[in-house]
Amino acid sequence: MKYTQLGRTGLKVSRLVLGTMNFGPQTDEADSHAIMDAALDAGINYFDTANVYGWGENKGRTEEIIGNWFAKGGERRDKVVLATKVYGNMAADGDAWPNHDKLSALNIRRAVDASLKRLRTDYIDVYQFHHIDRRTPFEEIWQAVDVLVQQGKILYVGSSNFPGYKIAQANEIAAQRGGTIGLVSEQCLYNLAERRAEMEVIPAAREYGLGVIPWSPLQGGLLGGVIKKEVEGGRRASGRAADSLANTTIRAQVQSYEDLLDKHGIEPGEAALAWLLTRPGVTGPIVGPRTAAQLDSALRAVELELSDELLTGLDEIFPGPGPSPEAFAW
């Protein structure tokens, strides 16, 4: 496994991040534990989750599965850089009681304690805001964070799904307060087929020293060889990938992508992950395996070297927006 620093911090993390969103809803506890063991054995030390994972009536279940895995011992907790998130409504029926969601100081305090209990740990390495809260000022948010850091309950803070201007606003206010390190990472939707983050989010993250953690690196399976699987195994695309392939232009684009990688003898999903690892500012993509075989595929991507010819071909098929602000200003 290869490692890098998380943004401007001294924290060393693996270049693949283990996403756990499937643990509970799609992968049972025993298999989830086996995947986490395999990830740790392979050198993946950065595990990502969220308080709402498990979804519906089972919100919090994913954190519980991870907590039960930590409780097995074997230095599991000490070896893991643990990241979870706050913001979502934790009510099973979706009807949150006032102050039981978003980023008020009250909910942050309540949510941290609940996550710690489910995770069976006494601290969270990276506590992430799952979304912006348009009603809570960053002065209040940072005050709550300062207390939690002083209490030893969290060490670092990151964001997820933030626009560039909110990354800037959050860290400027942190700097004004003094003594607060501010945001150190940003999780955003970023992959070959979805490159809008290059317009503002990634430039802001790089300017303020945040590590970029792309989620959905395969665009919901679209970049994982979906057409080839459909032809060879009769496995039909579903969800976001199926919706995208219904567009004939996108289908032709994906077909060109798969043809290019077939020419180079590289698996599409592995190429999509390896491409992200070449992008400036990217710490590592989140991979969310449902099975051990999917984890093995993701691990191969870390060692995959993409030629300049292949990188140029990928840019031709999935062109990015171009440098900011020129891409939209000139």
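Up top you'll find the structure we're talking about.
Residues numbered from 1 in each chain as written. Predicted model: local features only at pLDDT ≥ 70, side-chain atom pairs only at ≥ 80, totals over all residues. Heavy atoms only, no water.

K.L.:
Could you clarify how one ought to interpret the overall build of the protein in this entry?
P.N.:
Along the backbone of the protein there are 14 helices and ten strands. Its C-alpha atoms give the protein a radius of gyration of 20 Å, within 12% of the compact-globule value 20 Å for 330 residues. Within the protein, buried positions represent 51% of all 330 residues. For the protein, the proportion of contacts with a sequence separation of at least 24, taken over those separated by at least 6, is 77%. (Helix = DSSP H or I, 4+ residues; strand = E, 2+ residues; numbered from the N terminus. Rg over C-alpha atoms; globule rule 2.2 N^0.38 Å. Buried < 20%, exposed > 50% of the residue type's maximum accessible area, 1.4 Å probe, protein only. Contact = heavy atoms within 4.5 Å.)

K.L.:
Can you walk me through the pairing of strand E9 (residues 211–215) in this structure?
P.N.:
Regular strands place side chains that alternate from one sheet face to the opposite one. Most of E9 sits inside the fold, with four of its five residues counted as buried. Across five bridges, strand E8 (residues 183–189) lies against E9 in parallel orientation. Counterpart to cysteine 188 in the pairing with E9 is proline 214. For the crossover that starts at E8, traverses helix H7 (residues 201–207) and ends in the parallel E9, the hand is right-handed. (Pairing = 2+ DSSP bridges. Right-handed = clockwise from strand over helix to strand, strands pointing away.)

K.L.:
Is there a simple way to think about the packing of aromatic side chains in this case?
P.N.:
Geometry of an aromatic ring pair is reported as the spacing of the ring centres plus the angle between the planes. Under the criterion given, the structure shown has seven aromatic pairs. Taken together, a centroid distance of 6.3 Å and an interplanar angle of 65° make the contact between phenylalanine 129 and tryptophan 142 edge-to-face. A residue pair is termed long-range when its members are at least 10 positions apart, and phenylalanine 129 in strand E6 (residues 124–129) and tryptophan 142 in helix H5 (residues 138–151) qualify at 13 residues. The two residues phenylalanine 129 and tryptophan 142 agree in class, both being buried. An aromatic cluster of three or more residues is present, and its members are Phe47, Trp69 and Phe70. Sitting over the face of the ring of tyrosine 123, arginine 77 holds its NZ or CZ atom 4.1 Å from the ring centroid. (Phe/Tyr/Trp six-rings, centres within 6.5 Å; stacked < 30°, edge-to-face > 60°. Lys NZ or Arg CZ within 6 Å of the ring centre and 35° of its normal.)

K.L.:
I would appreciate a short explanation of the sheet that holds strand E3 (residues 17–19) in the present structure.
P.N.:
Whenever strands of a sheet pair, they do so through backbone hydrogen bonds, lying parallel or antiparallel. Judged by pairing direction, the sheet is parallel, and its eight strands sit side by side in the order E9-E8-E7-E6-E5-E4-E3-E10 without closing on themselves. Because the sheet does not close on itself, it has two edges, and the strands there are E9 and strand E10 (286–287). Pairing analysis gives four bridges linking strand E5 (residues 81–86) to E6, with the strands arranged parallel. Paired with threonine 84 across the bridge in E6 is tyrosine 127. This element, helix H4 (residues 105–119), spans E5, E6 and strand E7 (154–160) of the sheet and lies at about 135° to E6. Packing of H5 onto the sheet brings it into contact with E6, E7 and E8, and relative to E7 it is tilted by some 150°. (Axes fitted to C-alpha atoms, helices over the stretch in contact; angles between N-to-C directions.)

K.L.:
How do you make sense of a negative patch on the surface when you look at a structure like this?
P.N.:
Taken together, the side chains of Glu232, Asp259, Asp262 and Glu267 define an acidic patch exposed on the protein surface. Relative to the helices and strands, aspartate 259 is located in helix H10 (residues 248–264). (Patch = residues over 30% accessible without salt bridge, like charges linked within 9 Å, V, L, I, M, F, W, Y side chains within 5 Å. Areas by Shrake-Rupley, 256 points an atom, 1.4 Å probe, with all protein chains shown as cover. Salt bridge = Lys/Arg side-chain N within 4 Å of Asp/Glu carboxyl O. Lys, Arg positive; Asp, Glu negative; His and termini not counted. Charge placed at Lys NZ, Arg CZ, Asp CG, Glu CD.)

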